[in-house]
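Below, each chain spelled out in residue letters.
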Amino acid sequence: NKVRLQAIADVEAYVAPAISFDPGEEPGEIFGSNVFSVSVMQKRLPKSVYKSVLATIEKSAPLDPLVADAVASAMKDWALEKGATHYAHVFYPLTGLTAEKHDSFLDPVGDGTAFASFSGKTLIQGEPDASSFPNGGLRNTFEARGYTGWDVMSPAYVLENPNGNTLCIPTVFISMTGEALDHKTPILRSQQAMAVHAERVLKLFGYDNSEHVVSYLGPEQEYFLIDRHFFLSRPDLINAGRTLFGAKPPKGQEFDDHYFGAIPERVLAFMMDTERELFKLGIPAKTRHNEVAPGQFEVAPMFERANQGSDHQQLLMTTFKSVAKKHGMECLFHEKPFAGVNGSGKHVNFSLGNSELGSLFVPGDSPHDNAQFLVFCGAIIRGVDLYSGLLRASVASASNDHRLGANEAPPAIISIFLGDQLADVFDQIAKGGATHSKERGTLAIGVDTLPDLTKDPGDRNRTSPFAFTGNRFEFRAPGSLQTVAGPMVMLNTIMAEALDYCATELETAVAEGTDFNDAVQALLATIIADHGKVIFNGNGYSDEWPIEAEQRGLKNLRTTIDALPELITPEAIELFSKYNVFNEREMHSRYEVGIEQYVLTVSVEANLTLEMGQTTILPAAVRYQTELAQNVAALKAAGVEADLSLLDEVSGPIADLRAALVTLASAIAHEHDSDGIVAATYLRDTVLPAMAAVRTAADTLEGLVADDLWALPTYQEMLYIL
Ligand code: ADP
Ligand code: MG
């Protein structure tokens, strides 16, 4: 087949693009150069305006509309100097993608000329029609208007394009009735809710007037790179982001020769180029390395405030996609683009704190600090145990279903890994009071009622979905394709509830005259008694764990369809309404959209499987079968005894493939009989297995059919030729 062989030849002939920058350039020179940052504002805004904006950013105060015009004017001048011709409100609809509506700065004056204008009102509020975004029943088309509003805490930036630059303004996206249609609004709301109760707890520990507590996010993004020639000859990769066919290559990841290996030159050039683009946008990309699977890599930026980090994460993904194209490669963010080798995740590193106190998940130098640390840890233990279903639901998607629990990613059971030392401390608390901590085999006796803790996070556990890693927790279940906003909203909200609980318990005890240290001990003991079951330091990949987890009463929500209903339980709705993160309608809308996305994803894949099976794989197999039959006929005609075994070997899977395609076609036809969760369940239980049967027959044929007849680039080609 010419397409495939031509693709290989084209990869062979690849010439790297010339680098467009001085390789000696200091990274600091360009960092943030396209960002309307605090320091740019300080230089360009009148002092009073600057102070007002800064208050908004640092104290989460609302933006004074009177200063908006001045900010808009300075922002416009700055953007025009940077070559911008348009501005765009960038928002994050429930598709999980990034959306933007561009408007020109130019306003016609009426005499045939135009001048550049940009008012405060246009900066703060936009009005995209945007009726085609999924809203899960929150809007009818006749009231389709949605509003976008600037998130002042996430700075505006200029996005470069050879044909003209654009000023981008990160915004929330809400309906006419003020309901959230996006992923940013709930981050801001949940952040606010968490801060209120975190600050109540801090007050009890003597911090009366500290800065606001914020949540920090450090996402580790895994991805695959393949040559674009291969990508373009795979309809499944183009349309579904993953391979629906493909036999396991003779060499997989068994040798562990890729993990942390030398980065291939072409990939390194790509990484340097992406990092430069990210730096311009003020995205602090820091770590880069090869991952476990061939062709798999990881990037991790430094942690930032959750709302800004989440915007940056979206921007990082689009930047990676576009820079990869420039380098003749395709960047795949799907959780499982290739069966049989590891999939990709997006670990969400999470902490609470502020610039004054640092991370609140860092053990301190004194028993007092440690008590505070343990209360915050206790809160997370309570939150994760009470709302494990919600955490699971926040990472539920058709594509992440291929990864979770597949012995390469955490199981679908949500548990917490604390590490030996911390687990031991909580163990002692459960037994009546902790007085010492385990430190490298010796016991250091604390001076107070709580133990001294070292800052050494201890060992690492890669199999836990939620692990303490020394100064933060790492939520490892999120998928590589997902927005980090969903998990962040859940984390903030469950922390709001748990910290509210802790603050209330402590305040009440102190008011009743209980000694503060005793109150803390009692609180922690109660939390461990009620929620200690969620702590698990063992191997999450083992066969015993699901059994033990069930005995402990932990949920095991295997698929998206099991997990999404967690969003609309009475407990979930109560939680989110109580902390003003989502009202009931908003919760239902998220649930509906989640189901809808699942149905769309699996339906597209099913149709693609059918089409590729019929039009690409079956024809190749039948041609080969014909060739073999002709060979048998020719041998017979020549009077040679013909061996039919090879022909039979091919005819078997061809018959299987045809039968599987018939079954799949009829399964797809019945899908239209239902909708919502019924359709989704049908797709999971009937259509996905029908697709798997098609794939099994097709992959068997890949190992039999003559190579020159096979049209689809193979796993070994895609994963190893770069
Ligand atoms: P590892 O692979 O060992 O887990 P990486 O260096 O790849 O670590 O990624 C760690 C991520 O955690 C980075 O994004 C880093 O900025 C982030 N991180 C570090 N400290 C914190 C913190 N206190 N809060 C949130 N994220 C953090
Ligand atoms: Mg990590």
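So, how was this worked out
Here the residue numbering is sequential within each chain, running from 1 through the sequence in written order. As they are written, the chains are lettered A onward and the ligands numbered 1 onward, keeping that order. With the structure being a predicted model, the display of local features is reserved for residues of pLDDT at least 70 and the display and counting of side-chain atom pairs for 80 or more, all residues being used for whole-chain, interface and lining totals. For the purposes of this entry, the term helix denotes a DSSP run of H or I that reaches at least four residues, the term strand denotes a run of E that reaches at least two, and both are numbered from the N terminus. C-alpha atoms define the radius of gyration, and 2.2 Å times the number of residues to the power 0.38 defines the globule rule. Residues are called buried when their C-beta atom has 20 or more other C-beta atoms within 10 Å, exposed when it has 12 or fewer, and partly exposed otherwise; all C-beta atoms are positioned from the backbone. Here the contact rule is simple: place C-beta atoms from the backbone, and any two residues whose C-beta atoms are within 7 Å are in contact. Nearness between a residue and a molecule or strand is assessed with a C-beta atom placed from the backbone; a distance within 6 Å qualifies. Lys, Arg, Asp and Glu make up the charged group, whereas Ala, Val, Leu, Ile, Met, Phe, Trp, Tyr, Cys and Pro make up the nonpolar group; the residues left over, Gly among them, are polar. A helix is expected to span 1.5 Å multiplied by its residue count minus one. Here the bend at each residue means the angle between axes fitted to two seven-residue stretches, the one ending at that residue and the one beginning there. Only C-alpha atoms enter the line fits that serve as axes; for helices the fit covers just the stretch in contact. Angles between N-to-C directions range over 0 to 180 degrees. Each angle gets one of four labels, with under 35 degrees taken as roughly parallel, over 145 as roughly antiparallel, 65 to 115 as roughly perpendicular, and the rest as oblique. Note on pairing: DSSP must find at least two bridges between two strands before they are called paired. The sense of a crossing depends on the near helix, which, turned anticlockwise from the far helix by less than a right angle, makes the crossing left-handed and, turned clockwise, makes it right-handed. These domain limits were set by an automatic method or by a database of domain assignments. Think of a nonpolar core as buried Ala, Val, Leu, Ile, Met, Phe, Trp, Tyr and Cys residues, each tied to the set through C-beta atoms within 7 Å. Each residue gets a pLDDT score, which is the predictor's confidence in that residue and runs from 0 to 100.

Asker: What's the story with the overall build of the protein in this structure? I'm lost.
Answerer: Regarding its fold elements, the protein presents 23 helices and 20 strands. Over its C-alpha trace the protein gives a radius of gyration of 28 Å, about what one expects of a compact globule, namely 27 Å for 722 residues. Counting only C-alpha atoms and orienting by the principal axes, one finds that the protein spans roughly 105 × 80 × 55 Å. Sorting the 722 residues of the protein into buried and exposed places 47% on the buried side. Taking the contacts inside the protein whose residues are at least 6 apart along the sequence as the reference set, 75% of them involve residues at least 24 apart.

Asker: When you look at the site of ligand 1 in this model, what are you seeing that I'm missing?
Answerer: Contacts to ligand 1 come from 14 residues, most closely from G218, F303, N349, S351 and R472. Looking at the shell around ligand 1, the elements with two or more residues in it are β9 (214-227), β11 (296-301) and β14 (346-354). A breakdown of the residues in the shell around ligand 1 according to their chemical character gives six nonpolar, six polar and two charged.

Asker: It is not clear to me how helix α22 (residues 676-702) should be interpreted in this structure. Could you clarify?
Answerer: For the α-helix, the turn length of 3.6 residues means that residues three or four positions removed from each other point alike. End to end, α22 covers 36 Å across 27 residues, agreeing with the expected 39 Å (1.5 Å per residue, within 8%). L683 marks where α22 bends most, by close to 35°.

Asker: Before we go on, may I ask you to explain the packing of helix α4 (residues 47-59) against helix α5 (residues 65-81) in this structure?
Answerer: If you want to describe how two helices pack, look at the angle between their axes and the distance between the axes. The interhelical angle for the contact between α4 and α5, taken along N-to-C directions, is 110°, at an axis separation of 10 Å. With respect to their mutual orientation, α4 and α5 come out roughly perpendicular. Within the contact between the two elements, α4 uses V49, S52 and V53 and α5 uses V67, A70 and V71. Along the lines of polarity and charge, the residues of the contact of α4 with α5 split into five nonpolar, one polar and no charged.

Asker: What's the story with the environment of P128 in this structure? I'm lost.
Answerer: For P128, the location among the structural elements is in the loop between β5 (125-126) and β6 (146-150). It is 37 Å that separates the C-alpha atoms of P128 and E611, two residues lying 483 residues apart in sequence. Dropping the residues within four chain positions of it, P128 is found in contact with H89, K101, G146 and T148.

Asker: Would you explain the pairing of β14 in this entry?
Answerer: Along a regular strand, successive side chains alternate from one face of the sheet to the other. For β14, the tally of buried residues reaches nine of nine residues, placing the bulk of the element in the interior. The pairing of β9 with β14 spans eight bridges and is antiparallel. Pairing of P219 across the sheet is with V348, part of β14. Pairing between β14 and strand β15 (residues 358-359): two bridges, direction antiparallel. Within β15, the position partnered with N354 by the bridge is G358. As consecutive antiparallel partners, β14 and β15 are separated by three residues.

Asker: Would you mind showing me how to read the packing of helix α15 (residues 485-511) against helix α16 (residues 516-531) here?
Answerer: Where α15 meets α16, the axes come as close as 9 Å, and the angle between the chain directions of the two elements is 140°. Comparing their axes, α16 and α15 come out oblique. As for the relative orientation of α15 and α16, their crossing is right-handed in sense. Residues C502, E505, L506, A509 and V510 of α15 pack against F516, A519, V520, A522 and L523 of α16. Taken together, the residues of the contact of α15 with α16 sort by class into nine nonpolar, no polar and one charged.

Asker: Mind showing me how you'd approach unusual backbone geometry here?
Answerer: Backbone geometry follows two general trends: most residues other than glycine have a negative phi, and most peptide bonds adopt the trans configuration. Despite not being glycine, N580 shows a phi value in the positive range, around 55°. Structurally, N580 is set in the loop between α19 (570-578) and α20 (584-637). Taking the C-beta count within 10 Å as the criterion, N580 has 13 such neighbours and is therefore assigned partly exposed.

Asker: Please explain the domain arrangement of the protein as it appears in this structure.
Answerer: Think of interface size as the accessible area that goes away when the parts come together; that is how it is often given. Assigned domains of the protein: these are domain 1 (31-178), domain 2 (191-582) and domain 3 (597-720). Averaged C-alpha coordinates put domain 2 and domain 3 at centres separated by 40 Å. Of all elements in the fold, only α9 (235-240) and α18 (560-563) reach the threshold of two or more residues within the side of domain 2 that touches domain 3. Of all the elements, α9 adds the most residues to the side of domain 2 that touches domain 3, at four residues. Class assignment for the residues of the side of domain 2 that touches domain 3 results in 12 nonpolar, eight polar and three charged.

Asker: Could you clarify how one ought to interpret the pairing of β9 in this entry?
Answerer: The buried count for β9 comes to 13 of 14 residues, which makes it a mostly enclosed element. Relative to strand β12 (residues 304-305), β9 runs antiparallel, the two sharing two bridges. Residue L217 lies in a different strand from β12, and its bridge partner there is E304. Note that β9 and β11 share four bridges and pair antiparallel. Bridge pairing in β11 places Q221 opposite V299. Relative to strand β13 (residues 329-332), β9 runs antiparallel, the two being bridged by four bridges.

Asker: For this particular structure, what's the right way to read the nonpolar core?
Answerer: Nonpolar side chains in soluble globular proteins generally cluster together in the buried interior. In terms of nonpolar packing, the biggest core is built from 195 residues, with M495, L499 and L657 touching the most fellow members. With 14 residues, α20 is the largest single contributor of residues to this core. Not counting chain neighbours up to four residues away, the residues in contact with L657 comprise G613, I617, L618, A621, V694, A697, A698 and L701.

Asker: Before we go on, may I ask you to explain the environment of P619 in this structure?
Answerer: Position of P619 relative to the elements: it lies in helix α20. For the pair P619 and N239, spaced 380 residues apart in sequence, the C-alpha to C-alpha distance is 21 Å.

Asker: What is the right way to look at the environment of S351 in this model?
Answerer: Inspection of the secondary structure assignment puts S351 in strand β14. The sequence separation of S351 and S415 amounts to 64 residues, and the corresponding C-alpha distance is 17 Å. Filtering out sequence-adjacent residues up to four positions away, S351 remains in contact with Y216, S359, L360, F361, N471 and R472.

Asker: Quick question: what am I supposed to make of the confidence of the model for the protein here?
Answerer: Close inspection of predicted coordinates is inappropriate in any region flagged by low pLDDT. Mean pLDDT over the protein stands at 89; residues scoring 70 or higher make up 92%. Within the model, the stretch residues 439-448 combines pLDDT values under 50 with 17 contacts to residues more than four positions away or in other chains. We note a pTM of 0.93 for the whole complex and an ipTM of 0.97 for its interfaces.

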